[in-house]
Amino acid sequence: LRTKYLSGVADAADEAALEELRLAGLGKKGEISLMMRELGKMSPEEKQTFGKALNELKNEIDAALREKKQALADAALEARLQDEWLDVTLPGRPRRQGTIHPVSQVMDEVTAIFADMGFSVAEGPQVEDDWHNFDALNIAPEHPARQEHDTFFMHRDEGDNRPPHVLRTHTSPVQIRAMQEKGAPIRVIAPGRVYRMDMDQTHTPMFHQIEGLAIGRDISMANLKWVLEEFCKAFFEVDNVELRFRASHFPFTEPSAEVDIRCSWEGKQLKIGEGDGWMEILGSGMVHPKVLEAAGVDSTQYQGFAFGIGIDRLAMLKYGIPDLRAFFDSDLRWLKHYGFAP
Ligand code: PHE
C-alpha cells in the first residue's frame with residue numbers, strides 16, 4: 001500500500017492526478033480512511049500496533065502529496081519565468097518621434113508674432129462660395145483670377161442650383177467672414193491653405209497664406225507699415241529690416257502695395273536687411289470701401305488695412321529652401337536635411 005501511494009505521488013504529472021490519489025487513499029471513502037475505521041473492531045493490542053502503523057502511513061502519504069504539489073507549482077513557475085523572460089538591461093528600441101512640418105512651424109511662429117500685437121485668429125472654409133472668395137472682395141466676374149486656369153471650381157451636376165463653390169484662391173474671404181461675424185473694430189489674422197492651378201519651382205497648387213486685417217476709426221497705411229516691420233524683425237530675428245512698398249493693384253484694397261524686403265544671398269544663407277536685393281513677401285493695402293460695405297461695416301465710419309503673406313515663401317526664405325514643391329513630398333530625408341526630422 002505504501003509503495004503504491006508513494007510511487008503514485010512520484011509519478012503524478014499534475015495537480016489533478018495528485019488530487020485523485022489523495023481522494024483514493026485519504027479521502028472520506030479512501031482506502032486508508034476505511035482501514036482506519038476498521039480499527040474500532042480490533043483488540044486493544046492490535047489497535048495499538050496497527051493503528052500506529054496506519055497513522056504513520058497516512059502522514060507519510062500526506063507529506064509526499066504536499067511536497068509533490070509544491071514541486072509541481074515550482075516547476076510551473078519556473079517554466080513561466082523561462083517563457084516570459086525579459087532582459088530589462090537591453091537598450092530600448094528607438095521610437096521615431098513625429099516632428100512639426102516646416103510650414104506648420106512657420107505658421108505657428110507667424111501667428112504668435114501677430115498675437116503679440118493684438119491680432120486674434122479667424123478661420124474660414126477651404127471650400128468657399130463664389131461670393132466670399134470673389135464678389136464680396138470686389139473681384140468682378142470678368143476678372144482674370146476667376147478664369148478656369150487659376151481657380152479650382154467645385155463640380156455641379158446639371159440642375160444642381162446651389163451657389164457655385166471654389167477651392168479658395170486666397171485667405172482674403174476670411175476678412176469678409178470675420179467682419180460679418182464680429183463687425184468693427186476688428187484685428188484678426190487668418191492662416192490657412194489656399195489653392196490655385198499652378199505648378200513650378202516656386203508654385204504648388206496648394207499653398208499657405210496668412211491674412212491680416214485691422215479695421216478701426218483711424219487706422220492708416222502708417223500702422224500697416226509699422227506692423228509689417230515689427231513682424232519682419234521678429235520673424236527673421238534681426239534688429240533692422242528695410243521694406244519697400246511698391247504700388248500695386250488688388251481689387252479689394254485701395255491703395256494697394258506689394259511689399260519687398262531688402263536682402264541678399266550669401267551662398268545658401270539669406271541675409272535680411274543687407275545687400276542690394278529685394279524679395280517680394282506680401283500683398284497689402286487699405287481695405288476697399290466696397291469690401292467693408294459687402295461685409296456689413298460702415299465705410300464712412302471705419303477704415304483699415306489688410307495684407308496677405310505667403311507662408312511657404314517665408315519658410316523658403318528663413319530656411320534657405322530652393323524648391324517649394326519639396327515641402328509637400330513628405331520625404332523624410334529632405335525633412336532631415338533641413339533639420340525638421342530626427
Ligand atoms: N489676397 C491677395 C493674394 O492672394 C493678397 C492680399 C491680401 C493683398 C490682402 C492685399 C490685401 O495675392
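For clarity, every value in this text was computed on a predicted model and none was experimentally measured.

1. So, helix α7 (residues 173-182)
Part 1: The set of residues buried in α7 consists of P173, V174, Q175, I176, A178 and M179.
Part 2: Once α7 ends, the next one or two residues include G183, with phi positive near 70 degrees.

2. Regarding the nonpolar core
Soluble globular proteins: nonpolar side chains tend toward being buried together.
Part 1: Ranked by size, the top nonpolar core spans 47 residues in total, and within it V110, F114, F231, I261, F305 and L314 carry the most contacts.
Part 2: The element best represented in this core is helix α8 (residues 221-236), accounting for seven residues.
Part 3: Once you skip the residues sitting within four places of it in the chain, F231 turns out to touch V110, I113, F114, M117, I309 and L314.
Part 4: With 23 residues, the next largest nonpolar core counts V174, M179, F252 and A306 among its residues.

3. A closer look at the UniProt feature "coiled-coil region" (unreviewed entry) in the protein chain
Part 1: Per the UniProt entry, the sites bearing "coiled-coil region" (unreviewed entry) are residues 47-74 in this numbering.
Part 2: For the annotated span residues 47-74, helix accounts for 100% and strand for 0% of the residues, and the straight-line distance between the end C-alpha atoms is 40 Å.

4. Some details on the UniProt feature "binding site: Mg(2+)" (unreviewed entry) in the protein chain
Part 1: Sequence positions flagged by UniProt for "binding site: Mg(2+)" (unreviewed entry) are, in local numbering, E254.
Part 2: As for its placement among the helices and strands, E254 is situated in strand β7 (residues 253-266).

5. Some words on the site of the ligand
Part 1: Around the ligand, a shell composed of 14 residues is seen, among which H170, S172, R196, Q209 and E211 lie nearest.
Part 2: At a separation of 2.8 Å, an oxygen atom of the ligand approaches a polar side-chain atom of R196.
Part 3: For the ligand, the accessible surface in isolation is 330 Å², of which the surrounding protein chains cover 90%.
Part 4: A majority-of-atoms criterion places the ligand in the largest pocket.
Part 5: Secondary-structure elements contributing two or more residues to the shell around the ligand are β5 (206-216), β9 (277-287) and β10 (303-310).

6. Some points on the side chain of S284
Part 1: Its location among the elements puts S284 in strand β9.
Part 2: Those residues in contact with S284 that lie beyond four places of it in its chain are L224, F250, T253, S256, A257, V259, A306 and F307.

7. Structural notes on the pattern of salt bridges
Side-chain pairs of opposite charge can arise where the charged atoms are in close proximity.
Part 1: Evaluated as defined, the whole model comprises 18 salt bridges.
Part 2: For E230, the salt bridge identified is with K233, shortest N-O distance 3.3 Å. Here K233 and E230 lie together in helix α8, a separation of three residues that amounts to about one turn.
Part 3: The partly exposed category is assigned to E230, whose relative accessible area is 26%.

8. Focus: the environment of Q105
Part 1: Here Q105 is to be found in helix α5 (residues 102-116).
Part 2: The class of Q105 is partly exposed, set by a relative accessible area of 27%.
Part 3: Residues Q105 and T253 lie 148 residues apart in sequence; the distance between their C-alpha atoms is 29 Å.
Part 4: Filtering out sequence-adjacent residues up to four positions away, Q105 remains in contact with I100, Y319 and F340.

9. Considerations on the side chain of Q209
Part 1: Tracing the backbone shows Q209 in strand β5.
Part 2: Judged by relative accessible area, Q209 falls into the buried class, the value being 10%.
Part 3: Here T171 takes part through its backbone nitrogen, which lies 2.9 Å from a polar atom of the side chain of Q209.
Part 4: Once residues within four sequence positions are removed from consideration, Q209 is found in contact with H170, T171, A190, P191, G192, V194, R196, I309 and I311.

10. Re the packing of aromatic side chains
Part 1: For the coordinates displayed, the defined rule picks out nine aromatic pairs.
Part 2: Summarising the aromatic geometry, the rings of F114 and F119 are spaced 5.4 Å apart at their centres and angled 70 degrees between planes, so their arrangement reads as edge-to-face.
Part 3: For F114, a relative accessible area of 0% corresponds to the buried category.
Part 4: The interplanar angle of 20 degrees and the centroid separation of 5.7 Å between the aromatic rings of F231 and F235 together place this pair among those described as stacked. Remark: F235 and F231 occur in helix α8; sequence separation between them is four residues, near one turn of the helix.
Part 5: Relative accessible area serves as the criterion here: at 0%, F235 is assigned to the buried category.
Part 6: Cluster of aromatic residues (ring-pair linked, three or more members): F114, F119, F231, F235, F236, F305 and F307.
Part 7: The positively charged end of K318 is found above the aromatic ring belonging to F235, 4.5 Å away from the centroid.

Quick notes on the rules
- Residues numbered from 1 in each chain as written.
- Predicted model: local features only at pLDDT ≥ 70, side-chain atom pairs only at ≥ 80, totals over all residues.
- Heavy atoms only, no water.
- Buried < 20%, exposed > 50% of the residue type's maximum accessible area, 1.4 Å probe, protein only.
- Helix = DSSP H or I, 4+ residues; strand = E, 2+ residues; numbered from the N terminus.
- Core = buried A, V, L, I, M, F, W, Y, C linked by side-chain atoms within 4.5 Å.
- Contact = heavy atoms within 4.5 Å.
- UniProt positions renumbered as here; feature names shortened; annotations may be inferred.
- Near = heavy atom within 4 Å.
- Polar contact = N/O pair within 3.5 Å; in protein donor to acceptor, adjacent residues only side chain to side chain.
- Areas by Shrake-Rupley, 256 points an atom, 1.4 Å probe, with all protein chains shown as cover.
- 1 Å grid on protein atoms, 1.4 Å probe; cavity = no way out; pocket = protein on both sides within 12 Å on 5 of 7 lines; lining within 4 Å.
- Sits in = over half its atoms within 2 Å of the grid points.
- Salt bridge = Lys/Arg side-chain N within 4 Å of Asp/Glu carboxyl O.
- Phe/Tyr/Trp six-rings, centres within 6.5 Å; stacked < 30°, edge-to-face > 60°.
- Lys NZ or Arg CZ within 6 Å of the ring centre and 35° of its normal.

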